[in-house]
Amino acid sequence: MSCAVPAAAGPGGSALPRSAAAEGGQQSHEEDDRKVRRREKNRVAAQRSRKKQTQKADKLHEEYESLEQENTSLKREIGKLTDEMKHLSEVLKNHEKICPLLHCTMNFVTVPRPDALASCLPR
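Residues numbered from 1 in each chain as written. Predicted model: local features only at pLDDT ≥ 70, side-chain atom pairs only at ≥ 80, totals over all residues. Heavy atoms only, no water.

It is worth spelling out the overall build of the chain at this point. Looking only at helices and strands, the chain features three helices and zero strands. The linear arrangement of helices and strands in the chain, starting from the amino end, is α-α-α. With 123 residues in all, the chain has 3% of them scored as buried. Per element, the accessible surface of the chain, about 11,400 Å² overall, is 57% carbon and sulfur. (Helix = DSSP H or I, 4+ residues; strand = E, 2+ residues; numbered from the N terminus. Buried < 20%, exposed > 50% of the residue type's maximum accessible area, 1.4 Å probe, protein only. Areas by Shrake-Rupley, 256 points an atom, 1.4 Å probe, with all protein chains shown as cover.)

Below is the structure:
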(Lines give C-alpha, C1' and ligand atoms only; values in the text may rest on other atoms or scores of the structure.)
Protein backbone atom coordinates (compact mmCIF):
# COMPACT_ATOMS: atom_id res chain seq x y z
CA MET A 1 0.00 0.00 0.00
CA SER A 2 1.35 3.31 -1.01
CA CYS A 3 0.26 6.75 -0.03
CA ALA A 4 -0.11 8.85 -3.09
CA VAL A 5 -0.72 12.56 -3.28
CA PRO A 6 -3.97 13.31 -5.12
CA ALA A 7 -3.57 14.56 -8.64
CA ALA A 8 -5.58 17.71 -7.94
CA ALA A 9 -3.06 19.00 -5.41
CA GLY A 10 -2.13 22.59 -6.08
CA PRO A 11 1.20 24.26 -5.49
CA GLY A 12 2.43 23.81 -1.96
CA GLY A 13 0.76 20.40 -1.67
CA SER A 14 -2.75 21.70 -0.96
CA ALA A 15 -5.56 19.30 -1.72
CA LEU A 16 -7.85 22.17 -2.72
CA PRO A 17 -8.17 23.36 -6.32
CA ARG A 18 -6.31 26.57 -7.12
CA SER A 19 -9.45 28.80 -6.97
CA ALA A 20 -10.46 27.34 -3.60
CA ALA A 21 -6.94 27.96 -2.28
CA ALA A 22 -7.15 31.57 -3.48
CA GLU A 23 -10.54 31.97 -1.75
CA GLY A 24 -9.00 30.51 1.39
CA GLY A 25 -6.32 33.21 1.29
CA GLN A 26 -8.99 35.85 0.79
CA GLN A 27 -11.05 34.39 3.67
CA SER A 28 -7.98 34.48 5.88
CA HIS A 29 -7.44 38.13 4.91
CA GLU A 30 -11.12 38.93 5.64
CA GLU A 31 -10.89 37.14 8.97
CA ASP A 32 -7.79 39.16 9.80
CA ASP A 33 -9.63 42.35 8.86
CA ARG A 34 -12.57 41.32 11.06
CA LYS A 35 -10.21 40.60 13.95
CA VAL A 36 -8.55 43.99 13.52
CA ARG A 37 -11.94 45.75 13.41
CA ARG A 38 -13.17 43.77 16.42
CA ARG A 39 -10.01 44.62 18.40
CA GLU A 40 -10.33 48.31 17.49
CA LYS A 41 -14.01 48.30 18.45
CA ASN A 42 -13.15 46.57 21.74
CA ARG A 43 -10.33 49.05 22.40
CA VAL A 44 -12.68 51.99 21.87
CA ALA A 45 -15.35 50.38 24.08
CA ALA A 46 -12.75 49.79 26.81
CA GLN A 47 -11.62 53.43 26.61
CA ARG A 48 -15.25 54.57 26.86
CA SER A 49 -15.80 52.29 29.84
CA ARG A 50 -12.67 53.56 31.63
CA LYS A 51 -13.66 57.17 30.93
CA LYS A 52 -17.17 56.56 32.28
CA GLN A 53 -15.73 54.87 35.37
CA THR A 54 -13.35 57.81 35.95
CA GLN A 55 -16.20 60.31 35.56
CA LYS A 56 -18.30 58.35 38.05
CA ALA A 57 -15.40 58.30 40.54
CA ASP A 58 -14.87 62.06 40.06
CA LYS A 59 -18.56 62.73 40.63
CA LEU A 60 -18.55 60.63 43.81
CA HIS A 61 -15.47 62.48 45.05
CA GLU A 62 -17.13 65.86 44.44
CA GLU A 63 -20.26 64.66 46.24
CA TYR A 64 -18.11 63.43 49.13
CA GLU A 65 -16.37 66.80 49.45
CA SER A 66 -19.68 68.64 49.27
CA LEU A 67 -21.16 66.44 52.00
CA GLU A 68 -18.05 66.93 54.15
CA GLN A 69 -18.45 70.71 53.85
CA GLU A 70 -22.15 70.48 54.69
CA ASN A 71 -21.36 68.26 57.68
CA THR A 72 -18.76 70.74 58.96
CA SER A 73 -21.24 73.60 58.52
CA LEU A 74 -23.98 71.70 60.36
CA LYS A 75 -21.62 70.87 63.23
CA ARG A 76 -20.74 74.56 63.50
CA GLU A 77 -24.46 75.42 63.55
CA ILE A 78 -25.08 72.81 66.27
CA GLY A 79 -22.34 74.43 68.34
CA LYS A 80 -23.86 77.89 67.91
CA LEU A 81 -27.36 76.64 68.76
CA THR A 82 -26.04 74.78 71.80
CA ASP A 83 -24.34 77.97 73.01
CA GLU A 84 -27.54 79.94 72.41
CA MET A 85 -29.57 77.35 74.30
CA LYS A 86 -27.17 77.53 77.27
CA HIS A 87 -27.37 81.33 77.23
CA LEU A 88 -31.18 81.35 77.05
CA SER A 89 -31.40 78.74 79.81
CA GLU A 90 -29.22 80.97 81.99
CA VAL A 91 -31.40 84.01 81.15
CA LEU A 92 -34.53 82.02 82.04
CA LYS A 93 -32.97 80.78 85.29
CA ASN A 94 -32.07 84.35 86.28
CA HIS A 95 -35.53 85.58 85.29
CA GLU A 96 -37.29 82.89 87.34
CA LYS A 97 -35.63 84.31 90.44
CA ILE A 98 -37.32 87.69 90.00
CA CYS A 99 -40.49 86.85 88.02
CA PRO A 100 -43.59 88.19 89.82
CA LEU A 101 -45.81 85.62 88.09
CA LEU A 102 -43.96 82.75 89.69
CA HIS A 103 -44.25 84.34 93.14
CA CYS A 104 -47.85 85.60 92.82
CA THR A 105 -50.28 84.05 95.31
CA MET A 106 -53.08 84.36 92.76
CA ASN A 107 -51.55 81.50 90.78
CA PHE A 108 -53.05 79.08 93.30
CA VAL A 109 -56.60 80.47 93.02
CA THR A 110 -58.91 79.09 90.34
CA VAL A 111 -59.47 82.28 88.40
CA PRO A 112 -59.37 82.48 84.62
CA ARG A 113 -55.76 82.84 83.56
CA PRO A 114 -55.88 86.31 81.91
CA ASP A 115 -57.28 87.89 85.11
CA ALA A 116 -54.72 86.11 87.22
CA LEU A 117 -51.96 87.42 84.99
CA ALA A 118 -53.37 90.93 85.05
CA SER A 119 -53.60 90.96 88.84
CA CYS A 120 -49.99 89.84 89.24
CA LEU A 121 -48.43 92.24 86.78
CA PRO A 122 -46.86 95.40 88.21
CA ARG A 123 -48.90 98.57 87.72
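The next point concerns the environment of Glu-96. Relative to the helices and strands, Glu-96 resides in helix α1 (residues 18-98). Among all residues touching Glu-96, those that are not within four sequence positions of it are Leu-102 and His-103. (Contact = heavy atoms within 4.5 Å.)

Note on pairing: side chains with opposite charge can pair once their charged atoms come close. Counting across every chain of the model gives one salt bridge. For Arg-43, the salt bridge goes to Glu-40, with nearest N and O atoms at 2.4 Å. With Arg-43 and Glu-40 both in helix α1 and three residues apart, this pair spans about one turn of that helix. (Salt bridge = Lys/Arg side-chain N within 4 Å of Asp/Glu carboxyl O.)

Further remarks concern a negative patch on the surface. A contiguous patch of negative charge on the surface is contributed by Glu-30, Glu-31, Asp-32 and Asp-33. Here Asp-33 shows up in helix α1. (Patch = residues over 30% accessible without salt bridge, like charges linked within 9 Å, V, L, I, M, F, W, Y side chains within 5 Å. Lys, Arg positive; Asp, Glu negative; His and termini not counted. Charge placed at Lys NZ, Arg CZ, Asp CG, Glu CD.)

As a further point, take a positive patch on the surface. Together, Arg-34, Lys-35, Arg-37, Arg-38 and Arg-39 line one region of the surface with positive charge. Tracing the chain through its elements places Arg-39 in helix α1.

Averaged over all residues, the pLDDT of the chain equals 80, while 63% of them reach at least 70. Per-residue pLDDT, averaged within each element of the chain, yields its smallest value for helix α3 (residues 113-120) (54) and its largest for α1 (92). Within the model, the stretch residues 7-14 combines pLDDT values under 50 with seven contacts to residues more than four positions away or in other chains. (pLDDT = per-residue confidence, 0-100.)

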